[in-house]
Amino acid sequence: MIKANVNRRLFLQLLAATALAPESRAAEGLRVVVAGAGIIGASIAWHLARAGASVTVIDRRGPASHASRASFAWINATWSKQPKSYHALNQAGVARWRLLQQELGVPIHWGGSLEGIADAGREREVAAHVVEQVAWGEQTKIVETAELAELEPKVDFTSLSQVIYSAHDGATNPIAATHAFLEAAKKIGAKVLYPCELQGVSLRGGRVTSVATNGGDLPADRLVLATGAAADAARRFADWDLPQRDSPGATAVTAPMPRFVNRVLWMPGVHLHQRDDGRIVLGEEDGPPPTHADRLAGHPNDFPTRDIALEHAHRMLVAAQRYVPDLKNVTFEDIVIGWRPMPVDGYPVLGASPARKDVYLAVMHSGVTLAPIIGELAAHEMTESALAEPFREFRPDRHFVASTGH
Ligand SMILES: Cc1cc2nc3c(=O)[nH]c(=O)nc-3n(C[C@H](O)[C@H](O)[C@H](O)COP(=O)(O)OP(=O)(O)OC[C@H]3O[C@@H](n4cnc5c(N)ncnc54)[C@H](O)[C@@H]3O)c2cc1C
């Protein structure tokens, strides 16, 4: 464990040393339109504005209205984030949140996560994950029953064969976090326009000169496509096909409740965490069943009726009660369908379009964890014309190998 702590400290020092100086004005005069006011577009916009760019964020609906509204919002670099390069990017996201949280006023509940393993017989596999996590700088361990009772006195772990504790993790409110980036960006001159839909890109000599929106043209030297799961955006505006797959999920948020859990619980069949404001967030790994294909064809964010939404939320609640039996008398405030922005191989797509060098793509899952580091490095690439080494494996021109992992 000492080794993990040293690694962690060193890692944070390295991150701090490479941080962009807030007074850097490298991008003075650069006009950037960021399409998409989810957490990724919002973070990129703030980082660009800090570097001196003239930034306009547009969204066809509004801030945090799609994936960044529905997100479970677990901030983590756990074992499933493979390979090491992708894990390191997520680790940098977690570390950056710790640095930015206060400055931006983002509500993050730290405390780690507990992942429950139900199937006995996975002991060796789980032990190997833990060893790897520790070697990669995480404070991860398998927790014994007595300690579990101390960590989460109101949680029943008896149906599980093992529980993995990852101490560095946290969870946020993704809507509040998105607004925090946008408010900070506005304070230093960025404009945020919505509803405002990107409809076209004007080029001269292959360079972007303006973008067309349903509210008129906006002059621009660069366009950022932080359009999330919008499947056609890359083809229409970057002249390039981004291979994506559908990945729906449902999230339910309760009214404030007395404290039941202190950490993110990632349990078989359900996951939950409780925000500092007392609201419990429930999610499920698998999306809606295939029998709902018709209903989902238009990629809705809302259920057709409140009753259907409640059916889904109650299913998650029943699964959660297996682990938190006292979780009763629950009122749901928000029940939403989310579409994870999911390139077919599960990894972020970051960088200039292979067909239009002034159009920058930023599409990814795990965007809540990644937002701060993506914003910083993407802004750096655009303003300094420098390539960020941590993005090397996540370029749009890579060979995409389809995978079902996240
Ligand atoms: C159910 C679920 C659970 C998740 N859980 C986690 C988690 O625990 N941890 C984690 O790190 N990540 C999680 N994620 C992933 C994370 O939420 C996303 O990666 C992140 O929110 C993506 O943010 P974004 O800004 O790229 O996309 P979005 O939030 O979807 O924003 C894209 C925006 O682009 C706008 N747009 C699209 N086209 C146009 C256009 N032509 N003109 C103008 N605007 C346009 C849309 O209106 C939208 O607001 C989860 C996602 C889902 C759905």
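Read on for a plain summary of the structure. (Residues numbered from 1 in each chain as written. Predicted model: local features only at pLDDT ≥ 70, side-chain atom pairs only at ≥ 80, totals over all residues. Heavy atoms only, no water.)

Comments concerning the overall build of the chain
And step 1. For the chain, the count of helices and strands is 11 helices and 20 strands.
And step 2. Its C-alpha atoms give the chain a radius of gyration of 21 Å, near enough to 22 Å, the size a compact globule of 406 residues would have.
And step 3. Expressed along its principal axes, the backbone C-alpha trace of the chain runs to roughly 65 × 50 × 40 Å. (Helix = DSSP H or I, 4+ residues; strand = E, 2+ residues; numbered from the N terminus. Rg over C-alpha atoms; globule rule 2.2 N^0.38 Å.)

Thoughts on the packing of aromatic side chains
And step 1. Considering all chains together, one arrives at eight aromatic pairs under this definition.
And step 2. Arranged with centres 5.1 Å apart and planes meeting at 75°, the rings of Y86 and Y347 form a pair that is edge-to-face. Taken together, the residues span a long stretch of sequence, with Y86 in helix 4 (residues 84-104) and Y347 in the loop between strand 18 (332-339) and strand 19 (349-352) at a distance of 261 residues.
And step 3. For Y347, a relative accessible area of 25% corresponds to the partly exposed category.
And step 4. A network of ring pairs unites the aromatic residues W46, W97 and F181 as a single cluster. (Phe/Tyr/Trp six-rings, centres within 6.5 Å; stacked < 30°, edge-to-face > 60°. Buried < 20%, exposed > 50% of the residue type's maximum accessible area, 1.4 Å probe, protein only.)

Side note on the sheet that holds strand 14 (residues 248-254)
And step 1. On the basis of which strands lie adjacent, the open sheet formed by eight strands has the order 6-7-5-15-16-17-14-18 and mixed pairing. The sheet terminates laterally at strand 6 (140-142) and strand 18, the two strands that pair on one side only. Adjacent strand axes in the sheet meet at a mean angle of 15° when their direction is disregarded.
And step 2. When strand 14 meets strand 17 (residues 280-283), the two strands line up antiparallel, connected through three bridges. Counterpart to A252 in the pairing with strand 17 is L282.
And step 3. Helix 5 (residues 123-135) rests against strand 5 (113-117), strand 6 and strand 7 (162-166) of the sheet, and its axis sits at about 155° to strand 6.
And step 4. Lying over the sheet, helix 10 (residues 306-321) contacts strand 14, strand 16 (270-274), strand 17 and strand 18, oriented at roughly 95° with respect to strand 18. (Pairing = 2+ DSSP bridges. Axes fitted to C-alpha atoms, helices over the stretch in contact; angles between N-to-C directions. Contact = heavy atoms within 4.5 Å.)

Focus: the site of the ligand
And step 1. The local shell around the ligand holds 37 residues, among which D59, S68, M364, G367 and T369 are the closest.
And step 2. Backbone polar atom of S366 to an oxygen atom of the ligand: 3.3 Å apart, as the coordinates give it.
And step 3. Note that an oxygen atom of the ligand is positioned 2.9 Å from one of the backbone N or O atoms of T369.
And step 4. Contact with the protein chains removes 97% of the 1,000 Å² of surface that the ligand exposes when unbound.
And step 5. For the shell around the ligand, the per-class residue count stands at 16 nonpolar, 17 polar and four charged. (Near = heavy atom within 4 Å. Polar contact = N/O pair within 3.5 Å; in protein donor to acceptor, adjacent residues only side chain to side chain. Areas by Shrake-Rupley, 256 points an atom, 1.4 Å probe, with all protein chains shown as cover. Nonpolar A, V, L, I, M, F, W, Y, C, P; charged D, E, K, R; others polar.)

Re the sheet that holds strand 12 (residues 216-219)
And step 1. One open sheet accounts for three strands, arranged 10-11-12; its pairing is antiparallel. On the outer flanks of this sheet lie strand 10 (198-204) and strand 12, each paired with one strand and no other. The average angle at which neighbouring strand axes cross in this sheet is 30°, direction not considered.
And step 2. Strand direction decides the pairing type here: strand 10 and strand 11 (residues 207-213), joined by six bridges, are antiparallel. Following the sheet pairing, V201 is matched in strand 11 by V211.

Describing the environment of A92
And step 1. Position of A92 among the secondary structure elements: in helix 4.
And step 2. Taking relative accessible area as the criterion, A92 reaches 8% and is therefore assigned buried.
And step 3. The sequence separation of A92 and I374 amounts to 282 residues, and the corresponding C-alpha distance is 9.4 Å.

Things to note about helix 5
And step 1. Compared with the 18 Å implied by 1.5 Å per residue over 13 residues, the 18 Å span of helix 5 between its first and last C-alpha is a close match.
And step 2. On the buried face of helix 5, the contacting elements are helix 4, strand 5, strand 6 and strand 7.
And step 3. Phi turns positive, to about 100°, at G137, one or two residues after helix 5. (Expected span 1.5 Å × (residues − 1).)

Points about the packing of helix 2 (residues 39-50) against helix 11 (residues 367-384)
And step 1. The N-to-C vectors of helix 2 and helix 11 enclose an angle of 40°; their axes lie 8 Å apart at closest approach. Our classification of the angle between helix 2 and helix 11 gives oblique. Here helix 2 and helix 11 pass one another in a crossing that is right-handed. Taken together, the residues of helix 11 that come into contact with helix 2 (itself represented by I39, I40, S43, I44, H47 and L48) are G367, V368, A371, P372, I374, G375, E376, A378, A379, M382 and T383.
And step 2. Class assignment of the residues belonging to the contact of helix 2 with helix 11 gives a composition of 11 nonpolar, five polar and one charged. (Parallel < 35°, antiparallel > 145°, perpendicular 65-115°, else oblique. Left-handed = near helix turned anticlockwise from the far one by under 90°.)

Things to note about the nonpolar core
Across soluble globular proteins, nonpolar side chains have a tendency to be buried as a group.
And step 1. Ranked by internal contacts, the top residues of the largest apolar core, which has 56 residues, are L48, W97 and I374.
And step 2. Taken together, the elements giving at least two residues each to this core come down to strand 1 (31-35), helix 2, strand 2 (54-58), helix 4, strand 4 (108-110), helix 7 (174-187), strand 20 (359-363) and helix 11.
And step 3. If you tally residues by element for this core, the top one is helix 11, at nine residues.
And step 4. Excluding its chain neighbours within four sequence positions, the residues that come into contact with I374 are I40, I44, L89, L350, M364, A379 and F391.
And step 5. With 37 residues, the next largest nonpolar core counts Y165, F303, I308 and A313 among its residues. (Core = buried A, V, L, I, M, F, W, Y, C linked by side-chain atoms within 4.5 Å.)

Things to note about the side chain of H271
And step 1. Here H271 lies in strand 16.
And step 2. Judged by relative accessible area, which is 5%, H271 ranks as buried.
And step 3. Those residues in contact with H271, other than ones at most four positions away along the chain, are F72, L265, W266, V281, L282, G283, E284 and E285.

Overview of the pairing of strand 19
And step 1. Relative to strand 20, strand 19 is paired through four bridges, and the arrangement is antiparallel. If you follow L350 over to strand 20, its bridge partner there is A362.
And step 2. Turn length for the strand 19-strand 20 hairpin, with the two strands adjacent in sequence and antiparallel, is six residues.

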